[in-house]
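Residues per chain, in single letters:
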Amino acid sequence: MEQFSISKTFFPGVPLIDLSKPESKSQLVKACEDFGFFKVINHGIPTQFITELESEAVKFFSLPISHKEKTGPPDPFGYGSKKIGNNGDVGWVEYLLLNTNTQSDYHKFASIFGEAAEKFRCIVNEYVSRVKKMACEILEMLADGLKIQERNGFSKLLMDEESDSVFRLNHYPPCPTEFGESSKNLIGFGEHTDPQIISVLRSNNTSGLQISLTEGNWISIPPDSNSFFINVGDSLQVMTNGRFKSVRHRVVTNSSKSRLSMIYFGGPPLSEKIAPLPSLIKGEDDSLYKEFTWFEYKKSAFKSRLADNRLGFFEKIAAS
């Protein structure tokens, strides 16, 4: 497991945006430009949907490992533990990765949940549909803020029936005391950016999330179970021609408390071409990125390590 030096101070400057206020559009744009990361309140998602799903997730992760492994290994969907991807990344984490568009994953849960598998599926679907709706509203407010004529230019990609979106439940158990001092310095989930358009994160009140605003400098984000944290993904960075920043982030372990996070990753259809929107560039020569399909980018990301600069392969090299 990788160790590192940890920042012990919390960053007080995470943009907090009240989605019910008229000034929220300009605040959203500024947060995406400055940080690529912010949190939202007055998001319209009732607490019951959050607490129900959290309760089911806690129940699942509390099961014996032999039970949980019946829903794995991830293909890429299903249960996984410690191993992240296929390229050597590991972390102090166990997770469930689910496809948001089909019910095919849920047959794996029947053997351990029995009839409760259907209840679990319904709770996940209800939560995801509400979080997706909020993500689309945020993307439309961003389109307004950028004065993009097509208000649903971003959100239609999530609303598309072929949208390649995923939902992830991460559980970071307390780090065993036998690790001694190093238990405070273990990676839960290694540094990375999210390849999709937008990520919507909700976690319990245990700290661990960190973001990097400048190369190599990490700042800890105070936990807040009443808000949703939003990340700009690589695809949105490309579509805005680098104006919005895809935020680099990681999770560090907590030696005394477990951390549970629930993340919706809103992605486009596999065949969708990703390129800067014409209204945000003067001409093709101004584009910082080569055009690519989401399938091509996803395939490239799967071959990379978490910490790699995945967009590097798709950047236009400036003529010398």
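Predicted, not measured: the structure shown is a model, and the values here were computed from it. For every chain, the first residue of its written sequence is number 1, and the numbers climb from 1 along that sequence. Reporting of local features is limited, given that this is a predicted model, to residues whose pLDDT is at least 70; pairs of side-chain atoms are given and counted only at 80 or more, and all residues count toward the totals for whole chains, interfaces and linings. Based on all heavy atoms of the structure, the side-chain values leave hydrogens and waters out of the count.

## Focus on the pattern of salt bridges
Thinking step 1. By definition here, a salt bridge exists when the distance from a side-chain nitrogen of Lys or Arg to a carboxyl oxygen of Asp or Glu is within 4 Å. Taken as a whole and assessed by the stated rule, the structure comprises 18 salt bridges.
Thinking step 2. In this structure, Asp-144 and Lys-25 form a salt bridge, with 3.0 Å as the shortest nitrogen-oxygen distance. With Asp-144 in helix H5 (residues 116–145) and Lys-25 in helix H1 (residues 24–34), the pair connects residues that are 119 residues apart, well separated along the chain.
Thinking step 3. Residue class for Lys-25 comes out partly exposed when judged on its relative accessible area of 33%. Numbering goes from the N terminus for both helices and strands, where a helix is a DSSP run of H or I of at least four residues and a strand is a run of E of at least two. Burial classes follow relative accessibility: with a 1.4 Å probe on protein chains only, a residue under 20% of its type's maximum area counts as buried, one over 50% as exposed, and anything between as partly exposed.

## Quick word on the pairing of strand E2 (residues 37–41)
Thinking step 1. With four of five residues buried, E2 is to be regarded as a mostly interior element.
Thinking step 2. Should DSSP find at least two bridges between two strands, the strands are regarded as paired. Two strands pair when backbone bridges link them, and strand E1 (residues 16–18) and E2 are joined in this way by three bridges, in the parallel orientation. Following the sheet pairing, Leu-16 is matched in E2 by Lys-39.
Thinking step 3. With the strands pointing away from the viewer, any crossover whose connection runs clockwise from the first strand over the helix to the second is right-handed. Each parallel crossover has a hand, and the one from E1 via H1 to E2 is right-handed.
Thinking step 4. Judged from the four bridges that link them, E2 and strand E10 (residues 228–232) form a sheet pairing that is antiparallel. Following the sheet pairing, Phe-38 is matched in E10 by Ile-230.

What is shown is where atoms sit, not what they do.
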